[in-house]
Amino acid sequence: KVRRTARAARIAGRMNKLEAAYAAALGEEQRQGGISWFAYEPLKLRIGKACYYTPDFLVVRADGVLEVHETKGFWRDDARVKLRAVAERFPFVFVAVQRAAGGAWKREFFTEEEEHELDND
């Protein structure tokens, strides 16, 4: 027998608590000059036939680099595979963001060449 776990209903265009907390962190980073702009769910990327990816945040760094940020409370099996696939297909820097102990934000970068972690606050 397959055991299924319940998932919270996902409402497009409405942030969950983790996304809202990260939006506040991005707002602070913008006030400090580290980023020049960010938006929540501003685009939808087509990965393949009937397969799309909607990133949580699109971020423009102060140096003009465009990043796609995905917040994750925890990783589901398919989520990391999907993020790698989209990073190979599009010329953006993809960043998976998780809340670390103490409230800091842990960032994991996905690019077409490599995947690496960086702990930030």
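All of these numbers come straight from a predicted model, not from anything done at the bench.

Student: Can you help me understand the environment of tryptophan 75 in this one?
Tutor: As for its placement among the helices and strands, tryptophan 75 is situated in the loop between strand E5 (66–71) and helix H2 (77–89). Those residues in contact with tryptophan 75 that sit more than four places away from it in its chain are Arg80, Leu83, Ala96, Gln98, Glu108 and Phe110.

Student: Please explain the packing of aromatic side chains as it appears in this structure.
Tutor: What describes a pair of aromatic rings is the distance from one ring centre to the other and the angle between the planes of the rings. Counted by the stated rule, this structure contains 8 aromatic pairs. Consider the rings of phenylalanine 90 and phenylalanine 92, whose centres lie 6.4 Å apart with planes at 10°: the pair is stacked.

Student: Hey, could you run me through unusual backbone geometry in this one?
Tutor: When glycine is set aside, most residues are seen to have a negative phi, and most peptide bonds are trans. In the Ramachandran plot, glutamate 41 falls in the positive-phi region, its phi being about 45° despite a non-glycine side chain. For alanine 50, which is not a glycine, the phi torsion comes out positive at approximately 60°. Of note, alanine 50 is situated in the loop between strand E2 (45–48) and strand E3 (51–53). Assessed through its relative accessible area of 71%, alanine 50 is described here as exposed.

Student: Would you take a moment to explain the pairing of E2 for this structure?
Tutor: Within a regular strand, side chains alternate between the sheet's two faces. Sheet analysis places E2 next to E3, joined by 3 bridges and oriented antiparallel. Bridge assignment links glycine 48 to a residue of E3, and that residue is cysteine 51.

Student: Sorry, what's going on with H2 here?
Tutor: Owing to its 3.6 residues per turn, the α-helix aligns residues three or four sequence positions apart on the same side. Within H2, the full set of buried residues consists of Ala79, Leu83, Val86 and Ala87. Taken around the axis of H2, the buried residues stretch over an arc of 100°, which confines them to a single face. Facing away from the buried surface of H2 by more than 90 degrees, the exposed residues are Asp77, Asp78, Val81, Glu88 and Arg89. Among the structural elements, E2, E3, strand E6 (93–99) and strand E7 (105–110) are those in contact with the buried residues of H2.

Student: What exactly am I supposed to notice about the environment of aspartate 63 here?
Tutor: Within the secondary structure, aspartate 63 is located in the loop between strand E4 (57–61) and E5. Residues aspartate 63 and isoleucine 35 lie 28 residues apart in sequence; the distance between their C-alpha atoms is 7.9 Å. Here the side chain of aspartate 63 touches valine 65 through a polar contact of 3.1 Å, landing on its backbone nitrogen.

Student: How do you make sense of the pairing of E6 when you look at a structure like this?
Tutor: For E6, the tally of buried residues reaches 5 of 7 residues, placing the bulk of the element in the interior. Tracing the backbone out of E5, into H2 and back to the parallel element E6 gives a crossover that is right-handed. Two elements, E6 and E7, share 6 bridges in a ladder whose sense is antiparallel. Across the sheet, valine 95 pairs through a bridge with phenylalanine 109, a residue of E7. Following E6, the chain reverses through 5 residues before pairing antiparallel with E7; glycine 102 in that reversal takes a positive phi of roughly 85°.

Reading the values: rules and limits
- By convention here, each chain's residues receive numbers from 1 onward along its written sequence.
- Residue-level local features of this predicted model are given only where pLDDT is at least 70; pairs of side-chain atoms are given and counted only at 80 or more, and the full residue set underlies all totals for whole chains, interfaces and linings.
- The basis for every side-chain value is the complete set of non-hydrogen atoms in the structure, without hydrogens or water.
- Numbered from the N terminus, helices here are DSSP runs of H or I no shorter than four residues, and strands are runs of E no shorter than two.
- Contact definition: two residues touch when any of their heavy atoms are within 4.5 Å.
- Ring pairs are drawn from Phe, Tyr and Trp, using the six-membered ring of Trp, whenever the two centres fall within 6.5 Å, and their geometry is named by plane angle: stacked under 30 degrees, edge-to-face over 60, tilted for the rest.
- Each residue gets one of three labels from its accessible area relative to the maximum for its type: buried under 20%, exposed over 50%, partly exposed in between, using a 1.4 Å probe on protein chains only.
- Here, a strand pair is defined by DSSP locating no fewer than two bridges between the strands.
- Throughout, the arc means that of the directions going from the helix axis to the C-beta atoms.
- By the criterion applied in these results, polar contacts are pairs of N or O atoms within 3.5 Å in which, for protein atoms, one can donate a hydrogen and the other can accept it, and in which residues neighboring in sequence qualify only through two side-chain atoms.
- If you view a crossover with the strands going away from you and the path from the first strand over the helix to the second runs clockwise, you call it right-handed.

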